[in-house]
Amino acid sequence: MKQMQPNQQSGNRGKQTLVSAETAWNKVLEELKSEKIKLAFYDDTVIPLLGDLKNKKVLDYGGGPGVLASALQKLGADVKEYDISEDMRNQAAKKLGAENIYHTVEEIPKGEFDFVICNLVLCIVSEDEVRRIVENIKSVLNEQGLAFIGFCNPKLFDVPETNLDLRPTPKHEYEQNHSYMKTKKEGGYKIIENHRPISWYEKVYSDAALVHVDTIFTPEYELNGRKIEDFIIFKLKKGDQSE
Ligand SMILES: C[S@@+](CC[C@H](N)C(=O)[O-])C[C@H]1O[C@@H](n2cnc3c(N)ncnc32)[C@H](O)[C@@H]1O
């Protein structure tokens, strides 16, 4: 695990940029491509969870510019990506090959994938879209398949500063679904985070008949006296799999 200084920033190209819609992430495409702290914590946590990737079919759902997908391809996986943004899909195609990109959800073959990863997507989309994405992920997993769905740890909603984010004082309780604007220190852009308690996501998974196998957090560090685990990753399988 690479160690980063708490206030280290990788650039400020995105300063003042606000990503307020799930389809507007192309505005910070370059910033996403050069995220270092996020990579060191999130990607380095999720990759070992997948084990031996040789010949495994992996879908990166909402994979953005294809940074993680490309790392998985290099590890021997047969990696496909879907992203709602055409600019992101074009960037990912340069890394993964155009034949490995799905342009619509409907193109993704059902029951096919050993692993579906979905990183930092659910916390930026509407509640209805969370439910649709979770259903889509379930439908494309094969019978033994596993999903790893991760995003910013909701428990951090009242932490003013982490290595990655600056947050305003919360106006709502942890248990209330709400949205707030936060600043990404890497890149300096602002995003709208949709906060939902962990139990809300667990109910969505169970409503979709996905079984919650495990919850993994990225490595803990301390900043300004607060213990911080930046990301939560849910490991899920289809409900009809045997133990
Ligand atoms: C914060 S970025 C994360 C990108 C990548 N997964 C990563 O870990 O770096 C969010 C991505 O989700 C995509 N996205 C947003 N809404 C989506 C949706 N409804 N379906 C698929 N992708 C979506 C955006 O275009 C963007 O590429």
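Use the structure listed above.
Residues numbered from 1 in each chain as written. Predicted model: local features only at pLDDT ≥ 70, side-chain atom pairs only at ≥ 80, totals over all residues. Heavy atoms only, no water.

**Student:** Could you give an account of the nonpolar core, with specific residues and numbers?
**Tutor:** Generally speaking, soluble globular proteins have nonpolar side chains that are buried together. In this structure, Trp 25, Tyr 61, Leu 122, Ile 149, Phe 151, Tyr 201 and Tyr 205 are the most contacted members of the largest nonpolar core, which totals 45 residues. Every element with two or more residues in this core is listed here: α1 (29-33), β2 (57-61), β5 (113-119), α5 (127-140), β6 (141-152), α6 (198-207) and β13 (231-238). Residue contacts for Trp 25: discarding those within four places in its chain leaves Val 19, Leu 32, Met 88, Ile 124, Tyr 189 and Ile 191. Membership of the second largest hydrophobic core comes to 32 residues, among which are Ile 47, Leu 72, Leu 156 and Ile 228. (Core = buried A, V, L, I, M, F, W, Y, C linked by side-chain atoms within 4.5 Å. Buried < 20%, exposed > 50% of the residue type's maximum accessible area, 1.4 Å probe, protein only. Helix = DSSP H or I, 4+ residues; strand = E, 2+ residues; numbered from the N terminus. Contact = heavy atoms within 4.5 Å.)

**Student:** How would you explain the site of the ligand if you had to name every residue and give the values?
**Tutor:** Taken together, 20 residues sit near the ligand, with Lys 38, Gly 62, Asp 83, Asn 119 and Glu 129 positioned nearest. One of the backbone N or O atoms of Gly 62 is found 2.8 Å from a nitrogen atom in the ligand. In this structure, a nitrogen atom belonging to the ligand sits 2.7 Å away from a side-chain N or O atom of Glu 129. Here the ligand has 590 Å² of accessible area as a free molecule, and 96% of this is covered by the chains. Residues of the shell around the ligand, tallied by class, amount to 11 nonpolar, 5 polar and 4 charged. (Near = heavy atom within 4 Å. Polar contact = N/O pair within 3.5 Å; in protein donor to acceptor, adjacent residues only side chain to side chain. Areas by Shrake-Rupley, 256 points an atom, 1.4 Å probe, with all protein chains shown as cover. Nonpolar A, V, L, I, M, F, W, Y, C, P; charged D, E, K, R; others polar.)

**Student:** With reference to specific residues and values, describe the side chain of Thr 162.
**Tutor:** By secondary structure assignment, the location of Thr 162 is in the loop between β6 and β7 (165-166). Within the structure, Thr 162 has its side chain in polar contact with the backbone nitrogen of Asp 165 (distance 2.9 Å). Apart from residues no more than four positions distant in its own chain, Thr 162 is found in contact with Leu 156, Arg 167, Lys 185, Tyr 221, Leu 223, Ile 228 and Asp 230.

**Student:** How would you explain the pairing of β13 if you had to name every residue and give the values?
**Tutor:** The two faces of a sheet get side chains in turn, since along a regular strand they alternate between them. With 7 of its 8 residues buried, β13 lies for the most part within the structure. Examined bridge by bridge, β6 and β13 share 7 bridges and lie antiparallel to one another. Looking at β13, one finds that Leu 146 is bridged to Lys 237. In this structure, strand β10 (residues 210-217) lies alongside β13, joined through 7 bridges in antiparallel fashion. By the bridge assignment for β13, Leu 210 is matched with Lys 238. (Pairing = 2+ DSSP bridges.)

**Student:** Tell me what's going on with the sheet that holds β13, and back it up with residues and numbers.
**Tutor:** Spatially, 7 strands are ordered β4-β3-β2-β5-β6-β13-β10 in an open sheet, and the strand pairing comes out mixed. Looking at the sheet topology across the chains shown, the edges are occupied by β4 (101-102) and β10. One ladder, built from 3 bridges, connects β2 with β5; its direction is parallel. From the neighbouring strand, Asp 60 faces β5, where its bridge partner is Ile 117. Across the sheet, helix α2 (residues 37-49) lies against β5, β6, β10 and β13, angled at about 25° from β13, the strand it touches most. (Axes fitted to C-alpha atoms, helices over the stretch in contact; angles between N-to-C directions.)

**Student:** Kindly report on the sheet that holds β7, identifying the contributing residues and their values.
**Tutor:** With respect to topology, 4 strands assemble into an open sheet ordered β1-β9-β8-β7, the strand pairing being mixed. Where the open sheet ends on each side, the last strands, each with one partner, are β1 (18-19) and β7. By the bridge criterion, 2 bridges tie β7 to strand β8 (residues 178-184) in an arrangement that is antiparallel. Across the sheet, the residue bridging to Leu 166 is Thr 183, located in β8.

Shape descriptors only; they carry no functional weight alone.
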